[in-house]
Amino acid sequence: STEKEVIFDLWNGEQFGTADYGRLMVELTGAADGLNPVRVTALSGTTGVTRASVAATTFTTASIADNQWHHYAVTLLSSSTGIETAFYVDGDLNNSNTTGSAGINEVGGALRAYLGAAITTPPGTAAPAKSGKLSGSLDEFRYWKIQRTSKDVGRYWFDQVGGGTN
């Protein structure tokens, strides 16, 4: 199966394939084999990655569907050799790698985002806008415009940041 549930989708309103296109999407896959369940799309124009796996090969859909509460974090950093990714589970680094062959450029325009569904048709699919609806619960969502370090993720995964309260 190629079913997916979109956790976060950020898009600048430009048409896919144009030089001004920008997209950041984090999704869970429902593949029958259970492999590569966490994927990231990060595109600037046509440069970047589409549906790149960020978790370790030992992390499967069964790791997610274990009836336990978990904290997941994904960091991305554009570099000249690709996009450096890191995936954390409950504050611990699960996997890090560099994906793609080049970094992405700054994305301009008015950015729009959805939590829990695709804002528009994802690249490389025929899925309609608002597809990939999340069947689950999100207790909290944080988006940072700077890459968080392993120390940041480990320190704050179970705490309020910047004076927030429950």
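Residues numbered from 1 in each chain as written. Predicted model: local features only at pLDDT ≥ 70, side-chain atom pairs only at ≥ 80, totals over all residues. Heavy atoms only, no water.

### Notes on the overall build of the protein chain
Within the protein chain, the secondary structure is distributed over 2 helices and 8 strands. Across its three principal axes, the protein chain shows a C-alpha extent of roughly 40 × 35 × 30 Å. Counting all 166 residues of the protein chain, 38% fall into the buried class. Considering only contacts in the protein chain between residues 6 or more positions apart, those separated by 24 or more positions represent 46%. Here the protein chain displays about 9500 Å² of accessible surface, and carbon together with sulfur accounts for 49% of that area. (Helix = DSSP H or I, 4+ residues; strand = E, 2+ residues; numbered from the N terminus. Buried < 20%, exposed > 50% of the residue type's maximum accessible area, 1.4 Å probe, protein only. Contact = heavy atoms within 4.5 Å. Areas by Shrake-Rupley, 256 points an atom, 1.4 Å probe, with all protein chains shown as cover.)

### Here's the deal with the side chain of H71
Positionally, H71 belongs in the loop between helix 1 (61–64) and strand 5 (72–79). The class of H71 is buried, set by a relative accessible area of 19%.

### Some remarks on the nonpolar core
Counting 17 residues, the largest nonpolar core has L24, V38, V40, A42, F59 and F87 as the members making the most contacts within it. Within the residue set of this core, elements represented by two or more residues are strand 1 (4–11), strand 2 (22–29), strand 3 (38–44), strand 4 (47–53) and strand 6 (82–89). For F59, the contacting residues outside a window of four places in its chain are N36, P37, V38, I64, Y72, F87, V89 and N94. (Core = buried A, V, L, I, M, F, W, Y, C linked by side-chain atoms within 4.5 Å.)

### As for the environment of T47
With respect to the secondary-structure elements, T47 resides in strand 4. Looking at T47, the relative accessible area reads 31%, which means it is partly exposed. Along the primary structure T47 and T99 are separated by 52 residues, whereas in three dimensions their C-alpha atoms are 12 Å apart.

### Here's the deal with the side chain of T29
Considering the arrangement of structural elements, one finds T29 in strand 2. A distance of 3.2 Å separates the side chain of T29 from the backbone oxygen of N36, its partner in a polar contact. (Polar contact = N/O pair within 3.5 Å; in protein donor to acceptor, adjacent residues only side chain to side chain.)

### Structural notes on the sheet that holds strand 3
Here we have 5 strands laid out as an open sheet, ordered 4-3-2-1-8, and antiparallel in their pairing. Sheet topology places strand 4 and strand 8 (112–115) at the edges, where each strand pairs with a single neighbour. With strand direction ignored, the average angle separating the axes of adjacent strands in the sheet is 15°. Where strand 3 meets strand 4, 5 bridges bridge the pair, whose relative direction is antiparallel. Each residue of the ladder has a partner; that of S44, found in strand 4, is T47. (Pairing = 2+ DSSP bridges. Axes fitted to C-alpha atoms, helices over the stretch in contact; angles between N-to-C directions.)

### Considering the packing of aromatic side chains
On inspection of all chains with the given rule, the structure shows 5 aromatic pairs. Measuring from centroid to centroid gives 5.9 Å for F59 and Y72, while their planes differ by 80°, and the two rings are edge-to-face. Taken together, the positions of F59 in the loop between strand 4 and helix 1 and Y72 in strand 5 put the pair 13 residues apart, joining distant regions of the chain. Note on F59: relative accessible area 7%, which makes it buried. (Phe/Tyr/Trp six-rings, centres within 6.5 Å; stacked < 30°, edge-to-face > 60°.)

### A few points about the pattern of salt bridges
Applying the stated criterion across every chain, the model contains 3 salt bridges. Put simply, E27 and R51 hold a salt bridge, and the shortest N to O gap is 2.9 Å. Taken together, the positions of E27 in strand 2 and R51 in strand 4 put the pair 24 residues apart, joining distant regions of the chain. You can call E27 buried: its relative accessible area is 0%. Given a relative accessible area of 22%, R51 falls into the partly exposed group. (Salt bridge = Lys/Arg side-chain N within 4 Å of Asp/Glu carboxyl O.)

### Description of the environment of S131
Counting through the fold element by element, S131 comes out in the loop between strand 8 and helix 2 (150–156). Judged by relative accessible area, which is 15%, S131 ranks as buried. The spatial distance from the C-alpha of S131 to the C-alpha of A117 is 5.7 Å, given a sequence separation of 14 residues. With residues near it in sequence (within four places) discarded, S131 still touches V6, A117 and A118.

### Some words on the environment of D66
Note that D66 resides in the loop between helix 1 and strand 5. Within polar-contact distance, the side chain of D66 engages the side chain of H70 at 2.9 Å.

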